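Here is what each chain is made of, one letter per residue.
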Amino acid sequence: MEEKVLESRRIRIYPTKDQQAYLTFNMFANIKMWNALLAEVYKPVSELDEVQALPRNKQSKEVYKRIERMSWEEQRDLFKGLRGLSTKAIYDADETVFESGWTLKDADTSMYSYTLRTLKTAMSNHLKNPRHFGIPRFKTTMDVENQGSYTSGAHVCEISEDGKYLRVGKLKRFKLGLIEMANHYPSDGRLYKVTIKHESSDTWYVSFVFEQAEHTVKRPRTGLAAGIDLNVTGNSHIVLQDGTRYQLPYDKIRKLEQKIEKENVKRSRKYEQWKKEVAIIEEDNKKSLIPKHVPTLAERSNYQKNKKKIAKLHLRIKNLKKDYIKKTCSKLANEYDVIVMEDLAVSDMEKNKYRARAITRSNFREIRDTLTYMMDWADKKIVFIDRWSPTSKRCHTCGYIKHNLKLSDRKWTCPICNSHHDQDINAAKNILDEGLDLLDKMNDSCKKCGHERTVITTDEKWTCTKCGAKNKTTPKEENSSDVA
Ligand SMILES: [Zn+2]
Ligand SMILES: [Zn+2]
C-alpha cells in the first residue's frame, strides 16, 4: 500500500448569525456526546452506592479518584466498555430538546464518530502513558458560546467549484464565505476531515485536512548544516553558528501587552462597580416588597465588550508569534539539510519564575515542533542533543569548560586560548559539532520501509515517521569509520 501524507489548511470564515447558532449547537452537541459516551464507560464506577450517596457535584470527582486508584488491568477492562457503544444508539435514545428546538439528531451526526475516535485515543493514550495522559474527564459546556471546536468527516462537506463556498453538515443550504480558498491553497489530495473552530475573540476558522501522495512544499537540498542556540535572556532568540540571529517582533508584542494591561484595569474597575451595585440592590430587596432585578455579569454589555476586546488583543499577539515562527522555521528548513538543537525541557524551565516570561514569550516548544515536522516532511534531518551538555560553557576553539560562566555574560574570553566568544554563537557552534557526531552514530533506516531516520535523538528507540514502525538503533562506535 502506498503511504499517504496528511496536510491541513486553516482558513478564516465569516458565518452569519444563524450559521453561528448552528455551529455553536454542533459544538455543544459534540460535548454532550463525549459526556454521554464517557458516562456509559464509567457507569460501573459511578453506580456504586458509595458514589451515589454523595451530593451530585462531588460525584464525578469521586469517580475520577476511584478510577485513578485502579490497577492497569482494571482500567483496561473498564475502558473496554467503549467497544460496545455506538453513537447512533445514544442520539437515537436521547430525547433532550434544546433551547433552539434542536435535538442531538439535528447536529452534524458524522462528527460523533470523530468524538468516539478521540475518546478511544484518549483512553489508549492513558493506558500507554498514564503519567502523561490522565484518564478522560467530562467536559463542560459552560463556555461553548464563546469558544469551541468540532471535527467532522469529509463526506458531509462540499466545497464549491470556485472555492468560495462550503456546505457542511445537515443544513442543506448551509454555506460559508471563504477567502478564495482554491487560489490560496491548492491541494490535489482527497479531503479527509474538516474542523470548525470558534475562538473567544469571536473569530471562526475552518481547517481542512487533505490526504495527499506527497507534501506540497518542496524544499531543495543544500548540503548545509546549522546549529541553533535558543536564547533565553536576550532579544534575539534563535542564533545560528554563523552569527545569524532571528528575533520575534518584540516591539509590536510589547505594545499589545501594554494595551492588554490597560484594558485589564478597566475590566476590573467595571467588575468592582457591578459588584457594588449588586450589593446595594440585594440590600434594598431585603426590605422592599417587590424585589428588583439583580443584574448578572452577562447583562453588563460594557463588561462583555471589554472582555472581547482583550481576547482580540491576545489573539493578535498569538498570530504575530505564529506567523513569525512559521516563516522563520520555513526559511531554516529551506536553507539547511541538517539542523541541530538542544532538546530543552521547556516545562522545567518555565517553573523558574524569573525566566518564565522570556521563555513562554519565545515559544520554544512551538519552534521545536514546527521545525521537526518541516524537516521531517522534507526528508531532512533534525538532531536533538542532550540538554545537559555544557554547550555554552565550552570554548569552541580549545574545549576548555568555563564553569563560572553566567547567563548575563554575553561575551567572554577563554582564559586558556584567549579566543573571544559571543555566548550564543559559541554555543551554536558546539551544538552543531555535537549534533553532527550524534548524527554519525545514530543515523539509520527503518527496517520495515527503508525510510531514513529524520528525527535523531540520543534515544536508541525511534518510531518511523513514514510507516510508524518501531525501530532500534545500536549507536555506532567512535572508531567504526576506520574499519570502513
Ligand atoms: Zn579556549
Ligand atoms: Zn518505516
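From a predicted model like this one, the values you see are computed outputs, not experimental measurements.

1. Let's talk about the coordination of the zinc ion (ligand 1)
In step 1: Note on the zinc ion (ligand 1): its protein donors are Cys-395 (SG), Cys-398 (SG), Cys-414 (SG) and Cys-417 (SG). The metal-donor distances range over 2.2 to 2.3 Å.
In step 2: Viewed at the metal, the four donor atoms of the zinc ion (ligand 1) are separated by angles of 107 to 112°, and the geometry they form is tetrahedral.
In step 3: Here the donor residues of the zinc ion (ligand 1) are spaced in sequence according to C-x2-C-x15-C-x2-C. Taken together, the residues Cys-398 in the loop between β12 (381–385) and β13 (411–413) and Cys-414 in the loop between β13 and β14 (420–422) connect sequence positions 16 residues apart.
In step 4: Judged by relative accessible area, Cys-414 falls into the buried class, the value being 0%.

2. Overview of the pairing of strand β7 (residues 203–212)
In step 1: For β7, the tally of buried residues reaches eight of ten residues, placing the bulk of the element in the interior.
In step 2: Relative to β7, strand β6 (residues 190–199) runs antiparallel, the two sharing nine bridges. Pairing of Leu-191 across the sheet is with Phe-210, part of β7.
In step 3: Taking the residues that link successive antiparallel strands as the turn, the β6-β7 hairpin has three residues, and the phi of Asp-202 there is positive, at about 70°.

3. Re the side chain of Thr-391
In step 1: Tracing the backbone through its elements, the reader meets Thr-391 in the loop between β12 and β13.
In step 2: Given a relative accessible area of 3%, Thr-391 falls into the buried group.
In step 3: Of note is the side chain of Thr-391, whose polar atom sits 3.2 Å from the side chain of Glu-342.
In step 4: With residues near it in sequence (within four places) discarded, Thr-391 still touches Glu-342, Ile-385, Asn-426, Ala-427, Asn-430, Ile-431 and Glu-434.

4. What to know about helix α6 (residues 110–128)
In step 1: In this model, α6 (19 residues) spans 28 Å end to end at C-alpha, consistent with the 27 Å of a helix rising 1.5 Å per residue.
In step 2: For α6, the full list of buried residues reads Ser-110, Met-111, Tyr-112, Tyr-114, Thr-115, Leu-116, Leu-119, Met-123, His-126 and Leu-127.

5. Concerning the coordination of the zinc ion (ligand 2)
In step 1: Distances from the zinc ion (ligand 2) to its protein donors, Cys-446 (SG), Cys-449 (SG), Cys-464 (SG) and Cys-467 (SG), fall within 2.3 Å.
In step 2: Coordination at the zinc ion (ligand 2) is tetrahedral: its four donor atoms span angles of 107 to 111° at the metal.
In step 3: Going along the chain, you hit the donors of the zinc ion (ligand 2) in the pattern C-x2-C-x14-C-x2-C. One end of the pair, Cys-446, is in the loop between α13 (423–442) and β15 (455–456); the other, Cys-467, is in the loop between β16 (461–463) and β17 (470–472), with 21 residues separating them in the sequence.
In step 4: Classification of Cys-446 as buried rests on a relative accessible area of 5%.

6. So, the confidence of the model for the chain
Any segment with low pLDDT has predicted coordinates that should not be analysed in fine detail.
In step 1: Across the chain, the average pLDDT comes to 84, with 87% of residues at or above 70.
In step 2: This stretch, residues 480–484, has a pLDDT under 50; its non-local contacts, to residues over four places away or in other chains, come to zero contacts.

7. Let's talk about the sheet that holds strand β1 (residues 5–13)
In step 1: Strand order across the open sheet formed by four strands is β1-β7-β6-β2, with antiparallel pairing between neighbours. Every other strand in the sheet has two partners, leaving β1 and β2 (148–153) as the edge strands with one partner each. For this sheet, the mean angle separating the axes of adjacent strands, direction not counted, is 20°.
In step 2: As judged from the six bridges shared by β2 and β6, these two strands associate in the antiparallel manner. Paired with Gly-153 across the two strands is Lys-193, which belongs to β6.
In step 3: Its contacts with the sheet put helix α1 (residues 17–46) on β2, β6 and β7, and the angle it makes with β2 is roughly 85°.
In step 4: Sheet strands touched by helix α9 (residues 301–335): β1, β6 and β7. Its angle to β7, the strand with the most contacts, is close to 30°.

8. What about the pattern of salt bridges?
In step 1: All told, the structure shown has 30 salt bridges when counted by the stated rule.
In step 2: Salt-bridge contacts for Asp-77 lead to Arg-76; the nearest nitrogen and oxygen are separated by 3.7 Å.
In step 3: Residue Lys-381 pairs with Glu-452 through a salt bridge whose shortest N-O separation is 3.0 Å. Taken together, the positions of Lys-381 in strand β12 and Glu-452 in the loop between α13 and β15 put the pair 71 residues apart, joining distant regions of the chain.
In step 4: Its relative accessible area of 12% is what places Lys-381 among the buried residues.
In step 5: Using a relative accessible area of 41% as the deciding quantity, one classes Glu-452 as partly exposed.
In step 6: When salt bridges that share partners are traced, they join Arg-245, Arg-410, Lys-411, Asp-422 and Asp-424 into one network.

9. Points about the environment of Glu-257
In step 1: Along the chain, Glu-257 turns up in helix α8 (residues 250–287).
In step 2: For Glu-257, a relative accessible area of 21% puts it in the partly exposed group.
In step 3: Considered as a pair, Glu-257 and Leu-313 are 56 residues apart in the sequence and their alpha carbons are 8.0 Å apart.

10. Quick look at unusual backbone geometry
In step 1: In this structure, Asp-379 is a non-glycine residue whose phi angle is positive, near 60°.
In step 2: Within the element layout of this structure, Asp-379 appears in the loop between α12 (364–377) and β12.
In step 3: Positioned with a positive phi, Asn-418 is a non-glycine residue whose angle comes to about 65°.
In step 4: Here Asn-418 shows up in the loop between β13 and β14.
In step 5: Overall, Asn-418 belongs to the exposed group, its relative accessible area being 55%.

11. Re the side chain of Ser-419
In step 1: Within the secondary structure, Ser-419 is located in the loop between β13 and β14.
In step 2: Exposure remark for Ser-419: the relative accessible area of 14% places this residue in the buried category.
In step 3: Among the polar contacts listed, one links the side chain of Ser-419 to the side chain of Thr-397, at a separation of 3.1 Å.
In step 4: The residues contacting Ser-419, other than those within four sequence positions of it, are Cys-395, Thr-397, Trp-412, Thr-413 and Cys-414.

Definitions and cut-offs
- In this numbering scheme, every chain counts its residues from 1 along its sequence in written order.
- Numbering of ligands from 1 and lettering of chains from A proceed in the order in which they are written.
- Local features in this predicted model are restricted to residues whose pLDDT is 70 or higher, and side-chain atom pairs enter the listing and the counts only when it is 80 or higher, whereas totals over whole chains, interfaces and linings include all residues.
- Only hydrogens and water are removed before side-chain values are computed, so all heavy atoms of the structure are retained for them.
- Note on donors: an N, O or S atom is included if it sits within 2.8 Å of the metal, or within 3.2 Å for Na, K and Ca, and water is never included, so sites can look incomplete.
- Under this scheme a four-donor centre is tetrahedral when all angles range from 85 to 135 degrees, a four-donor centre is square planar and a six-donor centre octahedral when opposite donors are above 155 degrees with the rest from 65 to 115, and any other centre is irregular.
- Helix and strand definitions here come from DSSP, where helices need a minimum of 4 consecutive H or I residues and strands a minimum of 2 consecutive E residues; each element is numbered from the N-terminal end.
- Only protein chains enter the accessibility calculation, which uses a 1.4 Å probe. A residue is then buried if its area is under 20% of the maximum for its type, exposed if over 50%, and partly exposed in between.
- Pairs of strands are assigned from DSSP output, requiring at least two bridges between the strands.
- Between N or O atoms, a polar contact is any pair within 3.5 Å; within protein, one atom must be a potential hydrogen donor and the other a potential acceptor, and residues adjacent in sequence are included only when both atoms are from side chains.
- Contacts between residues were defined by any pair of non-hydrogen atoms, one from each residue, lying within 4.5 Å.
- Here the expected length of a helix is defined as 1.5 Å per residue gap, with one fewer gap than residues.
- Confidence of the predictor in every single residue is expressed as pLDDT, which spans 0 to 100.
- An axis is simply a line fitted to the C-alpha atoms; with a helix, the fit covers only the stretch in contact. Between two such axes, the angle follows the N-to-C directions and lies from 0 to 180 degrees.
- A side-chain nitrogen of Lys or Arg and a carboxyl oxygen of Asp or Glu constitute a salt bridge if their distance falls within 4 Å.

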